[in-house]
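# Close look at the chain arrangement
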Amino acid sequence: PWWLGAKRRPAKMQTQKEKHSLELLAPNHHGVLTPLTRLIFNDAPWISSGLSNQDSIEFVHGAVTNDLAMKLGVQSFRKALLSQKSGEKTIPCASPAHVRAVLARIETSVARSLAVERKSKRTSETRRRRRRRRSR
């Protein structure tokens, strides 16, 4: 595909093994080609949306599907969060306040949807009753 690239070190700096291998690149979330080993695919957008320092994490570009990123060997965001060990790059989690705010927005959205659905149901029932009365 057009968005994958390959990068080689200068020939004089390569080991014998490296002369026959390529380092695969893919675009990060800014569209800059980056080695796959430095990228993470975002399989938990509800968590990453609350991060204050998203730019410190190199997510794969949105045009690269999570399925393809996984097949290319890119680490998932959730796995990176779960496998944090001492000495590894830490990935912060969303703050409790942000999680509460997101949940409140979801609750409000669901409540509105249910209200619209109930109103629609009532309106259609009222129309049916009126038709029955007229037909009598």
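Residues numbered from 1 in each chain as written. Predicted model: local features only at pLDDT ≥ 70, side-chain atom pairs only at ≥ 80, totals over all residues. Heavy atoms only, no water.

### Details of a nonpolar patch on the surface
As a reminder of what qualifies: Residues enter patches when their relative accessible area tops 30% and they take part in no salt bridge; the joining distance is 9 Å for like charges and 5 Å for the nonpolar side chains Val, Leu, Ile, Met, Phe, Trp and Tyr. Each accessible area is a Shrake-Rupley estimate made with a 1.4 Å probe; only the visible protein chains count as cover when residues are assessed. By salt bridge we mean one thing: a side-chain nitrogen of Lys or Arg within 4 Å of a carboxyl oxygen of Asp or Glu. Strands here mean DSSP runs of E at least two residues long; helices mean DSSP runs of H or I at least four residues long; both are numbered from the N terminus. The rule is simple: take the accessible area with a 1.4 Å probe, protein chains only, and divide by the maximum for that residue type; under 20% is buried, over 50% is exposed, in between is partly exposed.
Together, Val-99, Leu-103, Ile-106, Val-110 and Leu-114 make up an exposed nonpolar region whose accessible area comes to about 420 Å². Following the sequence through the fold, Val-99 ends up in helix H4 (residues 96–135). Its relative accessible area of 38% is what places Val-99 among the partly exposed residues.

### Some remarks on the side chain of Ser-76
Note the cut-off: Residue contacts follow a heavy-atom distance rule, with two residues in contact if any of their heavy atoms lie within 4.5 Å.
Turning to its location among the elements, Ser-76 is positioned in strand S5 (residues 75–76). We classify Ser-76 as buried; its relative accessible area is 12%. Excluding its chain neighbours within four sequence positions, the residues that come into contact with Ser-76 are Ile-40, Phe-41 and Asp-43.

### Observations regarding the confidence of the model for the chain
Quick note on the threshold: Known as pLDDT, the predictor's confidence for each residue is given on a scale from 0 to 100.
Here the chain averages 76 in pLDDT, and 72% of its residues register 70 or above. For the stretch residues 1–6, pLDDT sits under 50, and the model shows 16 contacts to residues farther than four places along the chain or on other chains.

### Notes on the packing of aromatic side chains
Here is the rule we go by: Only Phe, Tyr and Trp rings are paired, with Trp represented by its six-membered ring, and only when their centres lie within 6.5 Å; those with planes under 30 degrees apart are stacked, over 60 edge-to-face, the remainder tilted.
The tally for this structure, following the rule as stated, stands at 1 aromatic pair. Between Phe-59 and Phe-77, the ring centres sit 5.3 Å apart and the planes meet at 65 degrees, which makes this aromatic pair edge-to-face. Placement of the pair is Phe-59 in the loop between helix H1 (45–48) and helix H2 (66–71) and Phe-77 in helix H3 (residues 77–82), with a sequence separation of 18 residues. Each member of the pair Phe-59 and Phe-77 is classed as buried.

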